[in-house]
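Overview (structure and organization)
Spelled out from the first residue to the last, the chains are:
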There are 4 protein chains.
Amino acid sequence: MKVAIVGATGYTGLELIRILSGHPEVKITAVTSERYAGQPYGAVYPAMHQAVPMILEPLNAETIAEKADIIFTALPHKEAMAVVPYFYRQGKKVIDLSADFRLSDPKVYEKWYQEHTAPELLPNAVYGLPETNRTRIKKAHIVANPGCYPTSILLPLMPLLKEDLITPASIIADSKSGVSGAGRALKTGSLYCEVSDGFKAYGALQHRHQPEIDEQLSCIASKNISISFVPHLVPMNRGMLSSIYVTLKKSIDTPMLNKLFTKYYKKEPFVRLLPDDTLPQTSWVRGTNYCDINFVKKGKRIVLFSAIDNLTKGASGQAVQNMNLMMGLDEQTSLSCLPVLP
Amino acid sequence: MKVAIVGATGYTGLELIRILSGHPEVKITAVTSERYAGQPYGAVYPAMHQAVPMILEPLNAETIAEKADIIFTALPHKEAMAVVPYFYRQGKKVIDLSADFRLSDPKVYEKWYQEHTAPELLPNAVYGLPETNRTRIKKAHIVANPGCYPTSILLPLMPLLKEDLITPASIIADSKSGVSGAGRALKTGSLYCEVSDGFKAYGALQHRHQPEIDEQLSCIASKNISISFVPHLVPMNRGMLSSIYVTLKKSIDTPMLNKLFTKYYKKEPFVRLLPDDTLPQTSWVRGTNYCDINFVKKGKRIVLFSAIDNLTKGASGQAVQNMNLMMGLDEQTSLSCLPVLP
Amino acid sequence: MKVAIVGATGYTGLELIRILSGHPEVKITAVTSERYAGQPYGAVYPAMHQAVPMILEPLNAETIAEKADIIFTALPHKEAMAVVPYFYRQGKKVIDLSADFRLSDPKVYEKWYQEHTAPELLPNAVYGLPETNRTRIKKAHIVANPGCYPTSILLPLMPLLKEDLITPASIIADSKSGVSGAGRALKTGSLYCEVSDGFKAYGALQHRHQPEIDEQLSCIASKNISISFVPHLVPMNRGMLSSIYVTLKKSIDTPMLNKLFTKYYKKEPFVRLLPDDTLPQTSWVRGTNYCDINFVKKGKRIVLFSAIDNLTKGASGQAVQNMNLMMGLDEQTSLSCLPVLP
Amino acid sequence: MKVAIVGATGYTGLELIRILSGHPEVKITAVTSERYAGQPYGAVYPAMHQAVPMILEPLNAETIAEKADIIFTALPHKEAMAVVPYFYRQGKKVIDLSADFRLSDPKVYEKWYQEHTAPELLPNAVYGLPETNRTRIKKAHIVANPGCYPTSILLPLMPLLKEDLITPASIIADSKSGVSGAGRALKTGSLYCEVSDGFKAYGALQHRHQPEIDEQLSCIASKNISISFVPHLVPMNRGMLSSIYVTLKKSIDTPMLNKLFTKYYKKEPFVRLLPDDTLPQTSWVRGTNYCDINFVKKGKRIVLFSAIDNLTKGASGQAVQNMNLMMGLDEQTSLSCLPVLP
C-alpha cells in the first residue's frame, strides 16, 4: 500500500511516521511540508533519518494523488478541507486528522471555526472511532479521525449512555492534556518556560472540541447532550487523562457496572479496563494506542477515568487503526508496542 | 519572638524556614528532626546554611517549650497530637500544620486516621483560615492550619455558600497538586521516574482531606455538605489548582457574581480575583501566599478555579499568616514576595 | 527460547520485559522479585499486565535454572555474583546487567565494591560491548553487560584510540544521565522534588564506573589509560549524553576524522554518525538501542558527543543485543523501534 | 531613585521587576515593550499586576530619559547600542544586560555579532562583575552586565588565575543552562516538547559568550587565554552549572586550595564556598543572587563546579547588585532572599 502523509513535520505527522515505518503493509511514498519543503525528513527530525530517507515536498494535491492510494492529512484545521475533496474524487482513501470533517453540520463548523468549503463531503465522512463505528469505517472513503479530548471522553461514557444509565445533564468532563496537543506551532504559551512546573485550565466551557463531543455523545445516546467540558494543560509531552463526573439515574452496584464495561470492551483490542482500585495513569499508555479506563462510585455519583496518549489513540495511532480497518488488515497491525516506561 | 519549628526538615518545615528567616520579628530558636538530629540544618539543606546556622535536635517537648514562645509543629499526622497538649499547657502558642486538630469530632478523626489522643483540646483549636476565621485566630492558642486541598476549595466556594446561591449536592472539586504535597518521605510513588511525564488521579472520592472540606463547608453554609472530591498529581514541584463545578440555585449574571467576589475579597491581602477571562495558573503563585481565583459560567453551571502554592498558602505561608495574626503583627509580614517566574 | 528475568521489577528488568515481549524467538518463563514475590507482574506495572501475565517469584536459583535456558540477571551489584555461578554450572547462558563480572581483576572490584565471591568465573565473562567484542560474545556463556556510562564513553573514543590519534592523559568525560540510572530504589535524592528543575554533578572523579571505563579503554588502546570522569544528573527519565574532550597527537582534518568514524561504524546497526553540525540529543534515542555520535574540532581539541538511552543501549537493549548474538539470531531482533518523539 | 526598565517583558526584564519591586530605594517609573505597548504590565504577567500597575510603552529614548535616572536595558543584542548612547549623553546611569558593551574591541564584536554602532562608548563601559571590578563599577556610568555563562566560569577560575596556578591552555568549561537562558522569543527549539525529557549540547566551541569569557579571563590572568567552552541545555526553567576542568602547574594540596578560595571569597556576599564534598546544585541558588562554588581534585587535575541562577546572578540580580554599587547603597539591598525549595 502506497501511503502519503500530508503535513508530515507536525507532531501528529511525526507520530504517523513512527508507527507507519514499522507497518509491514505500508510504503510511505510522499511526505509534505510547506515550511521544510526540499529538505530531507531527517533534516527536520534527525532521529528518523534512516527510517524515512525522503525529501519533503510542498503540498500539491495532484502529485500526492499520483503517488499514493491512502492519504493521511495531518494539516491544521481549515487547510485539510482544501485538498481532501480532490483526493476523494480521485478515488483515494483519506484519513483526515483535522477537525474539518468531524462535525456533520457545516453551520456548527462555521460557528466554531469558519465557513466550510466542502460541505457536500460531510455526509461521506465517517467518524473514525472504531469502538463505536467499526463497520462504517471499514467501508469509508473519508474518515474524520476523532480529536484527542473526544476520544478520551467518548470511550468511558459510551456504555453508560448506550444503556441509558446516567442523567445527560449531569456530565462534566475535566480533562488534562500533555503539551504536544498544542502542536509544534510557535506560540508563547507552548514555550518550555511558560509550561514547565505549572498547571492551568484553558478554554473552559468553550473549547473547540466541545461540539464534537456533544454531537457524538448525542449520537450514542440518541438524544441531545451538551456536557460541561474543561481542558487543562499538564507539564508533560504526551498523555491525556479525563476525569468524568456523572450521576446515575438509579442505583446500580459496582459489580454490575464492571459487567457492563466488560460487555462493551472485553473484545476491544485497544481498550483496557483496569482492575479494582487501579486508576489510569497517562504514563502507562505512553506511545501506545490503548485507552485505559476505570471508575469509582459513591452513591449515585460515578467518576470515570480514562487515559490515552493524545498523539497515539488520540490522533495518529487511531488514524492507523482506521487505515487498518479500511484496508481489511488486522486492526492491531503496527500498533502493538508496549509503553516506554519509565 | 522566639520561634521553634518542630519537624524542620520536611518540605513544610523547610518552607517555614524560608519564610521565617526573613521575618523581622522572629528569631528561630530551635529546629527539630529525628532523622537528622545532631547535624546542622545546613547539612540537610546546604542552601540554607547561612540563614539557619543551627543544629537540629531530637524532639523533646520540654526543651522546646523552654526555648520558644511560638511553636510550629510540622510533623506527620498523628505525631503532632502527642506533643501539642504539653506546649498548650505551658502557655505556648501552637500552629499545627498536621491534620490532628482540624476535625472537631474525634470520631471522624478516628475514622480517617486513628484514635485521637488529645480530644479534650479539639474545642480549643481554631481552624486557621484567616479569610473566614480571622477574629478567632487572633485570640487562639492552638491553630489548626488548614490542609492545602481544603484551602484551595474553601476560598472560592465561600462567597457562594455564604449567600446561599448554589446547590450543595452539586459541588464537585477536581483538584490537582504538585508533588511536594506528598512530602519528603520515601515512597515509590514520589520517585522522579514514577511522576515525571505522567498524570494520574489518586484517592478519588476517599481522600483524607474530604472530611475537613465537608466540615468547613458545612460550617460556612450552616447546613450539611458533602462534596465529590478527586485529587490528581501533576509533575511539578509546587502548586495546586482546583476546578470546582457548582450549579446555581437561580439565574444570576456574571457582573453580579463579580461584585459578590469583590465584596468578600477586595480587602483580603492574599486573595487575588483575576480579571475577565484570565484563568489562574499555579506558576503565578509559586512561592507566594496568594490564592488566585476566577470563574466561568454557562447557564446555571459555574466552574470556579483557584490556584495556590501548596507549600505556602496551602501550608507554611498560611501558618505564618496565622502567627502574624496571633501576635498582633501586620498580617503580611514576611509574606509579600513576588513569584519566581519563569 | 525460554528466558528468565531475575530482578524483573527494577527499571532495567522492566525494560527487558518491554523489549523481550516483542521478541519472536523468546518466551519469558520466569520473573523474579523479592519485594513483590507472589504478586502478578501486572500488579507492579499494570501497563504490562497483558504482555506479562505471570506471577513474580522469589529468586531460587534451582527453580530458575529449571525454567530457563537464558537468564538475565538484573540484580543490584553484589547480588548477581551469588547466583550466576550456579546458572553457569548448569550450562545456562547468563547476561548479567550488574557490575559483578565487568572488571577482570577481583582486587579492583573489591576496592570499589566489596570482596568478590566468584573470582574464578571472571575469566569466563565476556564484556558485552558488541562493537568491540562481537566475536567473543557469540561464544560466551557469561556476558558482563556494560554500564551505561562506559557504553556512552567507549563507543565514541574507540576509533581514535584504536588509531592512536589522541593523548590518553587528555581524556575528560563529562557525562549527563537521566534519573532512571539511579534505579527504582528509595533514595531521597531520587525523589521528584529533589531532582526536578535542578541540575548537579555527583561522584566527581570517583564514580564506580571509572575502573570499568579505564579497563576497557586500556584494553582498546593497548596501554594504561585513566580518564577524568564526572557524571551529572539531568531532570529527565531516560537518556545519557557524554561530552568527551580529547587532544589530538598531531593535526588531522575533519574529513579524515569523518572517514575514520565511518570506517569503524558504518556497518554497525546501532551506531549512528550524525551529519555535519548536528549534535546528538538524548530524545532522539529515547527507547531505542542507538548510540548517536558526532564531534566538533578546533585545532587539536576535539569534543566528542554521544547519546544513548541509559536503559536501552546503556542496559537492557544492549543485553538483548548480546542475547541475539549468543543465540545466533539477527542482532537487531526486537530492537528496531523508532524513538517516541516528542 | 527613578528607574526605567527598557525591554521589560522578556525574562530578564521580568526578573528585574521581581527584584526591584521589593527594593526600598527604587521607584519603577517606566517599562517598555514594543510587542505589548499600550497594555498594562499585568496583562502580560498577571502575577505581577499589583506590584507593577503600569502601562507598557514603546521605547522612546527621550521619554525614558525624562522619566528615569537609572536605566536597565534588557534588550536583545544589537538593539541596546542604539539607545544607550543617548541615555549616556543625558547623564543617565545605564546597566545594559545585552552583549553590546561587554567586548572592548569592536572588531571582535563585529566578528560574533555585527558592526558596532557605538564603538566610542566601549572605553566607558565597565564590565559588571563586582567580584573583580567593584571599585570601577561604583564610578561607572555604563555597566556592561556580564553574560550568564561568563559569570559562572569567571568566578571559580579567578582565584586560580590570579595566583597563576593553572595552565591556561588546559581550561575546559562544560556548562549547562536552564531554558530561560534562551529568552522568551519564539523558537522551535524553546518549545516545551522539544526540550522536555531531553538533553543536548549546542554551539560547541563556537558560542557567542566565548570571546567575552576569553577577554575577561585574559584580563584576570594578564595573559592571552582561550578556553574550550561547550554549553548544554537542561530541561529546567532556571539555573546554570559549569563544570570546569583545569590542570595545576605544580602540586598543591586541597587545604591550600581551600585557603585560597576563602581568601578571595570569604567577604563576598554572593559567593558561597560549599563545604568538603558538597557539590553545587542549581536548585540551591534558584531565584537567588548566589554563586555556589566547590571543586574536586585528583593529582594535578582539578574540576571546579559553580552554580548560579542564570536569570539572577547570571543577569538581573547581578544588574541590581551593580546598581546598588553605582548608587552607593548596600550591595545586598533587595537581593537577600532564600531559594524557593523544593
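Worth saying up front: this structure is predicted, and the values here are computed from it rather than measured. (Residues numbered from 1 in each chain as written. Chains lettered and ligands numbered in written order. Predicted model: local features only at pLDDT ≥ 70, side-chain atom pairs only at ≥ 80, totals over all residues. Heavy atoms only, no water.)

Here we come to the sheet that holds strand 10 (residues 240-247) of chain B. Strand pairing in a sheet is mediated by backbone hydrogen bonds. Such pairs are either parallel or antiparallel. Residue and element names in this part refer to chain B. If you trace the 7 strands from one edge of the open sheet to the other, you get 8-9-7-10-13-12-11, paired in mixed fashion. Both outer strands of the open sheet, strand 8 (200-201) and strand 11 (271-273), are each paired with one neighbouring strand and no more. Pairing analysis gives 2 bridges linking strand 8 to strand 9 (residues 228-233), with the strands arranged antiparallel. The residue of strand 9 that forms the bridge with Lys200 is Leu233. (Pairing = 2+ DSSP bridges. Helix = DSSP H or I, 4+ residues; strand = E, 2+ residues; numbered from the N terminus.)

Now for the relation of the copies chain D and chain A. For the pair chain D and chain A, the relating rotation is 180°, the translation along its axis is 0.0 Å, and the fit reaches an RMSD of 0.0 Å. Such values leave the two copies arranged in the relation of a two-fold axis. (Least-squares fit on C-alpha atoms with pLDDT ≥ 70 in both.)

To continue, consider the packing of helix 6 (residues 130-139) of chain D against helix 11 (residues 312-326) of chain D. Residues and elements named next belong to chain D. Two elements in contact, helix 6 and helix 11, have axes separated by 9 Å at closest approach and are oriented at 40°. Judged by the angle between their axes, helix 6 and helix 11 are oblique. Here the hand of the crossing between helix 6 and helix 11 comes out right-handed. Facing Pro130, Glu131, Arg134, Ile137 and Lys138 of helix 6, the residues of helix 11 in contact are Lys313, Gln318, Gln321, Asn322, Leu325 and Met326. (Axes fitted to C-alpha atoms, helices over the stretch in contact; angles between N-to-C directions. Parallel < 35°, antiparallel > 145°, perpendicular 65-115°, else oblique. Left-handed = near helix turned anticlockwise from the far one by under 90°. Contact = heavy atoms within 4.5 Å.)

Residues and elements named next belong to chain A. On the basis of which strands lie adjacent, the open sheet formed by 7 strands has the order 8-9-7-10-13-12-11 and mixed pairing. One side of each edge strand has no neighbouring strand; the edge strands of this open sheet are strand 8 (200-201) and strand 11 (271-273). Bridge count between strand 12 (residues 291-298) and strand 13 (residues 301-308): 7 bridges; the pairing is antiparallel. Note on strand 13: the bridge partner recorded for Val296 is Val303. In this fold helix 7 (residues 148-162) packs onto strand 7 (172-177), strand 9 (228-233), strand 10 (240-247), strand 12 and strand 13, with an angle of close to 35° to the strand it touches most, strand 10.

This part takes up the interface of chain B and chain A. Every contact between the two is made by 41 residues of chain B and, on the other side, 41 residues of chain A. A combined buried area of about 3,300 Å² lies between chain B and chain A, and 59% of that area is made up of carbon and sulfur atoms. Three residues stand out in chain B for area buried against chain A, namely Asp197(B), Phe199(B) and Leu205(B), and they jointly supply 20% of the buried area on that side. Run the count over chain B and chain A and you get 4 salt bridges. One salt bridge in this structure joins Arg286(A) and Asp197(B), with 3.5 Å as the shortest N-O distance. The interface formed by chain B and chain A includes 18 residue pairs in polar contact (both at pLDDT 80 or more). (Buried area = accessible area lost by both parts, 1.4 Å probe. Salt bridge = Lys/Arg side-chain N within 4 Å of Asp/Glu carboxyl O. Polar contact = N/O pair within 3.5 Å; in protein donor to acceptor, adjacent residues only side chain to side chain.)

With 20 residues of chain D in contact, the opposing surface of chain A contributes 20 residues. With both sides pooled, the region where chain D packs onto chain A buries about 1,800 Å², and carbon together with sulfur makes up 57% of that total. Joining chain D to chain A, the criterion identifies 2 salt bridges. Note that Arg184(A) and Glu194(D) form a salt bridge whose closest N and O atoms lie 3.0 Å from each other. Inspection of the chain D/chain A interface yields 12 residue pairs in polar contact (both at pLDDT 80 or more). Broken down by element, the side of chain D that touches chain A gets its largest block of residues, 4 residues, from helix 8 (residues 192-195) of chain D. Here the residues of the side of chain D that touches chain A are counted per class, giving 10 nonpolar, 5 polar and 5 charged. (Nonpolar A, V, L, I, M, F, W, Y, C, P; charged D, E, K, R; others polar.)

All names here are of chain A. As far as domains go, chain A holds domain 1 (2-146 + 313-326) and domain 2 (148-310). One C-alpha centre belongs to domain 1, the other to domain 2; they are set 24 Å apart. At the junction of the two partners, domain 1 supplies 28 residues and domain 2 supplies 34 residues. When the two sides are added together, the surface that domain 1 and domain 2 hide from each other amounts to roughly 2,500 Å², 52% of it contributed by carbon and sulfur. (Domains from an automatic or database assignment.)

This brings us to empty space enclosed by the protein. Within the structure shown, the criterion is met by 4 cavities of 30 Å³ or more. The space that makes up the largest cavity amounts to roughly 200 Å³. What lines the largest cavity is a set of 17 residues, and nearest its centre among them are Tyr192(A), Tyr192(B), Ser196(B), Tyr192(C) and Tyr192(D). Taken together, the residues of the lining of the largest cavity break down into 9 nonpolar, 4 polar and 4 charged. Looking at the second largest cavity, its volume works out to about 90 Å³. Residue lining of the second largest cavity: Asn237(A), Arg238(A), Arg286(A), Val340(A), Pro342(A), Asp197(B), Asn237(C), Arg238(C), Arg286(C), Val340(C), Pro342(C) and Asp197(D), and that is the complete set. Grouping the amino acids of the lining of the second largest cavity by side-chain chemistry returns 4 nonpolar, 2 polar and 6 charged. (1 Å grid on protein atoms, 1.4 Å probe; cavity = no way out; pocket = protein on both sides within 12 Å on 5 of 7 lines; lining within 4 Å. Points joined across faces, edges and corners; volume = space filled by probe spheres on them.)

Attention shifts here to the packing of helix 7 of chain A against helix 9 (residues 209-221) of chain A. Residue and element names in this part refer to chain A. Contact pair helix 7 / helix 9: the axes reach a minimum separation of 10 Å and the direction vectors enclose 20°. In this view, helix 7 runs roughly parallel relative to helix 9, as classed from their interaxial angle. Handedness of the helix 7/helix 9 crossing: right-handed. Listed contacts from helix 9 to Cys148, Tyr149, Pro150, Ile153, Leu154, Leu157, Met158, Leu161 and Lys162 of helix 7 are His209, Glu212, Ile213, Gln216, Leu217, Ile220 and Ala221. Of the residues in the contact of helix 7 with helix 9, the class split is 12 nonpolar, 2 polar and 2 charged.

Turning next to the pairing of strand 13 (residues 301-308) of chain C. The side chains of a regular strand alternate between both faces of the sheet. Residue and element names in this part refer to chain C. With 8 of 8 residues buried, strand 13 lies mostly within the body of the structure. Both strand 10 (residues 240-247) and strand 13 contribute to a ladder of 8 bridges, which runs antiparallel. Across the sheet, Thr247 pairs through a bridge with Arg301, a residue of strand 13. Hairpin connection, strand 12 (residues 291-298) to strand 13: the antiparallel pair is bridged by 2 residues, and Gly299 has positive phi, about 60°. (Buried < 20%, exposed > 50% of the residue type's maximum accessible area, 1.4 Å probe, protein only.)

Here the residue pair Leu341(B) and Pro342(B) is connected by a cis peptide bond, since its omega of -5° sits within 30 degrees of zero. For Pro342(B), the position within the fold is in the segment after helix 11 (312-326). Of note in this structure, Ser334(A) is not a glycine but carries a positive phi near 65°. Mapped onto the elements of the fold, Ser334(A) is located in the segment after helix 11 (312-326). Among the residues examined, Ser334(A) registers a relative accessible area of 24% and is labelled partly exposed. At Leu205(B), a residue that is not glycine, the phi angle is positive and equals roughly 65°. Accessibility expressed as a relative area gives 6% for Leu205(B), which makes it buried.

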